[in-house]
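In case you want the letters, here they are:
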Amino acid sequence: MSRLDRSSFMDRSARPRPRRPSPASISIHSHFHSDESEDSDGPSHSLDLVSNLPANPFEEKYSSAAYDWNLMKRHGETSKSLDELMQYQGLEEVKQLFLDIKHKVDVCKKQGGRRNKNILKLERFSIIFQGNPGTGKTTVARLYAKFLHEEGILGSDNFKETSGIKAALEGAKGMESIVKDLTKNGGGVLFVDEAYQLMAPYTDNQGKQALDMILTELENNIGKLAAIFVGYKDQMEPFFEHNPGLESRIPHVVNFDDFDESQLWRILAANIHKHYRGQMRVERGMDGLYMRVAIRRLAQARGSRSFGNARAVENLLARIRKRQAHRLAQKKKEMWEKRNCRHEELDYFFFTKEDIIGPNPSIMAKRCPAWMELNNLVGLEEVKNSAKQLIDMVEFNYERELDEKPPLKFSLNQIFVGNPGTGKTTVAKLYGEIFSYLGYLSHGDIVLKTPPDFIGSCLGESETKTRNILQSTVGKVLVIDEAYMLDAGDSEREQDKFKSGVIDTIVSMVQGVPGEDRCIILIGYENEIRNMFQNANPGLSRRFPIEHPFHFTNFIVDQLEQILHVKMAEDGLRASQDALLIARQLFTRALMRPNFTNAGEVNNILAAAKMSYEARISRLPLRERFSAVKLEAIDFDPDVGRTESFELNYEKLVTMLDRRIVDRLASYQRSYRDVVKLHLDPRRFVPTNFIFKGPSGT
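What you are looking at is a predicted structure, and each value in this text was computed from that prediction instead of being measured.

### Quick look at the packing of helix α14 (residues 369-376) against helix α16 (residues 424-437)
Interhelical geometry of α14 versus α16 gives an angle of 145° and a closest axis separation of 8 Å. The crossing of α14 and α16 is left-handed. Residues Pro369, Ala370, Trp371, Glu373 and Leu374 of α14 touch α16, and the partners they reach there are Val427, Leu430, Glu433, Ile434 and Tyr437. The class makeup of the residues in the contact of α14 with α16 is 8 nonpolar, no polar and 2 charged.

Structure, rendered in structure tokens:
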């Protein structure tokens, strides 16, 4: 027997990356389809293909399990299930578990032949799979059923699939019927996806009763029946806490780790080879710089619960194909416009740098319609500067990536603080469109929610509602208006569990890292938002830049007038100079009010002016109506001129007040009239806050 080379088992090619790799013929399972919840009779979750791929550009982990299994095979051991499992990317913990079971079976065979082999039928082989989507849990579960049957532990490889919520809805009786069908047909494996849903409070204990029934049937059918429970690691705690004897009845817990860069690259390379039958070429090569950059970007989201692993790779390839299709369509259009129909110039089997990692953000930002629209908005200079800093960071990171240096981390999640009517929702929409255009968001649609959309009416419902909203807004911009209403109260006292459940779920599901393909914007008043962060889960501050929010300041009078011109132009209206002067006076007064609504004030004032205008021209003769094309001062303020005509009753006031007070009030009135004539802001010259001192009755 020749000596085995351990370097052959570096998960898959198991070799340190050479500087100048040469292609090698490798047998690959490009792993699992993205949807692991397909019915058991659906398509296979593994793609078996042989391709000439270069050596992996990322360092691959040594697979002890693969080495051990190949050593066992050289000494006569056989197992179709293990052969298939060893082809999959990663899964070292799973592979080791299969081998441990195989060793146990072999030992029992040696200890007493077929009679002692039945000892295994007294052992429990139920198991819990924990991990993110796309890591192959469903595929491995089916393989586990085959393996247990292949090794003689179960009498059948029957496989029945359900979910935690479905089991809870069917209750104990429904699950009893499913289990009995399995046992009547020789036994097999019951697969329960998202098993943590059995413990959800909103299932009214039906889920717990269903779980108790399953555990009872497992005990009654040892050697015939096994169960696989699947879920996210952090959500399985209530599942373990439900029954103290659960760990003894389900002795195995296996963690499915997120794929590392080498595994993600191999899945992507194999998928490209499979989809295009080996014809697709990649700029700088399949193992070249641009493929490495794309994989590193993808891997930034590893560890977050939203990371889809094989599903994320499929989404990446879909984006690459979309960019290629757009590029080729533009090229074809240019050729047609030049009356050049030589389509052979188009290379349909070549992915360019821009297809793989997207175009240079410094060029894209200048072309982005949303970025141009943001810069054309009235005011908001501080917001524009904050957005510019983010885009500069994107450009800087792009250059670092091409230099194969780690990009500086930043989050797309933002906090918008300011008063109503300052453009927060408008900017949120443009913000999403900008980063979608730059390739950081797969959709960029805006979804507007308020705290009541998240808060449930019973324990556990807040978490479920929040989880559903977060899952449905991947790739989009989720805007939570009046977010401070999620404040659960002082952390030193008893907090509102419904609100704290929302925050804790956001913290558990959102990482706030590039590549996460999500953006959440919290909107509200600054002081209230800061209080919420002070009382909330500390992890919230690591996911949202509370120290550097986007500040939306109140508009000044000049900016309000600009907004008025924009809105009048949209309606095809004009206004006389006197009308604009009155509008400015109305804006000045509105600014003094505590409930000033900024652009909302412009809408209200213009709406009232249009109603007055329509009423005024309706009283004119028909031939004069068409010449009355402008809004006039009286349309904006029916009491126009009252400030000019109003005079202090000086003689009466001096009999009631100290003459110095009356003189002061009269000077304020004169100052107001003078600055209004000069089209200046009266608030800069006339005080509006006073302190009155004196005895009662004065």
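### Section: a nonpolar patch on the surface
A surface patch of nonpolar side chains, about 290 Å² in accessible area, is lined by Leu678, Leu680 and Phe685. When its relative accessible area of 59% is taken as the criterion, Leu678 is described as exposed.

### Focus: the sheet that holds strand β5 (residues 188-193)
Overall, parallel pairing links the 5 strands, which are arranged β4-β5-β6-β3-β7 in an open sheet. At either end of the open sheet lies a strand with only one pairing partner, and these are β4 (159-163) and β7 (252-256). Across the sheet, the mean angle separating the axes of adjacent strands is 20° when strand polarity is ignored. Here strand β3 (residues 127-131) runs beside β7; their pairing, made up of 5 bridges, is parallel. Residue pairing across strands places Ile127 opposite His252, the latter belonging to β7. The sheet strands contacting helix α4 (residues 137-150) are β3, β4, β5, β6 (225-231) and β7, and the helix crosses β3 at an angle near 160°. Against the sheet, helix α6 (residues 206-220) makes contact with β5 and β6, and its axis sits at roughly 145° relative to β6, the strand it touches most.

### Let's talk about unusual backbone geometry
Of note, the phi angle at Arg277 is positive, near 50°, even though the residue is not glycine. Here Arg277 lies in the loop between α9 (261-275) and β8 (281-282). Judged by its relative accessible area of 74%, Arg277 falls in the exposed class. Positive phi outside glycine occurs at Leu380, with the angle close to 60°. As for its position among the elements, Leu380 is in the loop between α14 and α15 (381-402).

What counts, and where the lines are drawn
Residues numbered from 1 in each chain as written. Predicted model: local features only at pLDDT ≥ 70, side-chain atom pairs only at ≥ 80, totals over all residues. Heavy atoms only, no water. Axes fitted to C-alpha atoms, helices over the stretch in contact; angles between N-to-C directions. Helix = DSSP H or I, 4+ residues; strand = E, 2+ residues; numbered from the N terminus. Left-handed = near helix turned anticlockwise from the far one by under 90°. Contact = heavy atoms within 4.5 Å. Nonpolar A, V, L, I, M, F, W, Y, C, P; charged D, E, K, R; others polar. Patch = residues over 30% accessible without salt bridge, like charges linked within 9 Å, V, L, I, M, F, W, Y side chains within 5 Å. Areas by Shrake-Rupley, 256 points an atom, 1.4 Å probe, with all protein chains shown as cover. Salt bridge = Lys/Arg side-chain N within 4 Å of Asp/Glu carboxyl O. Buried < 20%, exposed > 50% of the residue type's maximum accessible area, 1.4 Å probe, protein only. Pairing = 2+ DSSP bridges.

Nothing here speaks to function; it is all geometry.
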